[in-house]
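Chain by chain, the residues:
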Amino acid sequence: MTANLEVRDGVGTIRLDRPPMNALDVATQDRLRELAEEATRRDDVRAVVLYGGEKVFAAGADIKEMQAMDHTAMVVRSKALQDSFTAVARIPKPVVAAVTGYALGGGCELALCADFRIAADNAKLGQPEILLGLIPGAGGTQRLARLVGPSRAKDLIFTGRHVRAEEALTIGLVDRVVPAAEVYEQAHAWAAGLAKGPALALRAAKESIDAGLETDIDTGLTIERNWFAGLFATEDRERGMRSFVEEGPGKAKFL
């Protein structure tokens, strides 16, 4: 297998495993979609970590494999490529990327599919596709611009340059920089904390934010309102409010 799903303390770790650089070939792309769908289905997975191992997150696509593809082949493959990454982005649970070493091209695009990114102090991120005469094809032009703004996204995509961890933190490409040895445990701890929270409310928050970003504010407010009202039908809402009234804030335990 080029990737696997390991579950501990309510956290499912999607672990890339294609040494030495976790190049994202077709088989790995398809496997990512399968694992994202599995993490979505499984009730014992309440949050997700994306991880490539101690040395590298993912150094990008398998260039030798891509070089052999002509236009017709890529017309067919590009939709499956995007669908694989979109499946990760649409996991209806909190997702954190634990980024070590290189996260380039498709690796950076995979990290962009997470809700939160924790990077090693030695991490390097970037979208170097322009150096191949290409543009990002797994969501980079869209998710990167939404995350860091169009000007910064154009700088990275136009030049293909690598961004070190501290600059990535400054521009909002990552959310936390920690020593390399601590990346996975901090990512797992972040996810495990959220795994104890109200699953439906977390899903509602994620879908409201993500769907709202794709539309006008009035439609976004409607999405929020519908989710907000709908949560009043859940046991988690009853449990949370009862705990607040009887015990004070922040003490509710959710199933």
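Attention in this report is confined to the structure presented alongside it. (Residues numbered from 1 in each chain as written. Predicted model: local features only at pLDDT ≥ 70, side-chain atom pairs only at ≥ 80, totals over all residues. Heavy atoms only, no water.)

Here's the deal with the pairing of strand S1 (residues 3–8)
Worth spelling out the cut-off: Any two strands with at least two DSSP bridges between them are considered paired. Only DSSP runs of H or I covering at least 4 residues are called helices, and only runs of E covering at least 2 are called strands; the numbering of each starts at the N terminus.
As defined by bridge partners, S1 adjoins strand S2 (residues 11–16) across 6 bridges and the pair is classed as antiparallel. Paired with Glu6 across the two strands is Thr13, which belongs to S2. Between S1 and S2, which pair antiparallel and follow one another directly, the connecting turn spans 2 residues, one of which, Asp9, has a positive phi of 55°.

What about unusual backbone geometry?
Negative phi is the rule for most residues except glycine; trans is the rule for most peptide bonds. What counts, and what does not: Think of it in three bands: residues with accessible area under 20% of the maximum for their type are buried, residues over 50% are exposed, and the middle band is partly exposed, with areas taken using a 1.4 Å probe on protein chains only.
Of the consecutive residues Pro19 and Pro20, the connecting peptide bond is found in the cis state with omega at 0°. Of note, the phi angle at Asp9 is positive, near 55°, even though the residue is not glycine. Mapped onto the secondary structure, Asp9 falls in the loop between S1 and S2. For Asp9, a relative accessible area of 57% puts it in the exposed group.

A look at helix H8 (residues 183–195)
For the record, the criterion: In this analysis, the expected span of each helix is defined as 1.5 Å times one less than the number of residues it contains. Arc, as used here, means the arc of the directions from the helix axis to the C-beta atoms.
The end-to-end C-alpha distance of H8 is 18 Å, a good match for the 18 Å that 13 residues give at a rise of 1.5 Å each. Considered for burial, the residues of H8 that qualify are Val183, Tyr184, Ala187, His188, Ala191, Ala192 and Ala195. Angular distribution of buried residues about the axis of H8 spans 155°; they occupy a single face of the element.

A few points about the packing of aromatic side chains
Formally: Any pair of Phe, Tyr and Trp rings, taking the six-membered ring for Trp, is counted once the centres come within 6.5 Å. Such a pair is stacked with planes under 30 degrees apart, edge-to-face with planes over 60 apart, and tilted for the rest.
Inspection of the entire model under this criterion finds 3 aromatic pairs. On the numbers, 4.7 Å between centres and 35° between planes, the contact of Tyr51 with Tyr184 is tilted. Taken together, the residues span a long stretch of sequence, with Tyr51 in strand S3 (residues 47–51) and Tyr184 in helix H8 at a distance of 133 residues. By relative accessible area, which is 17% here, Tyr184 ends up buried. Taking the centre distance of 5.5 Å and the plane angle of 70° together, the rings of Phe228 and Phe232 count as edge-to-face. What makes Phe228 exposed here is its relative accessible area of 55%.

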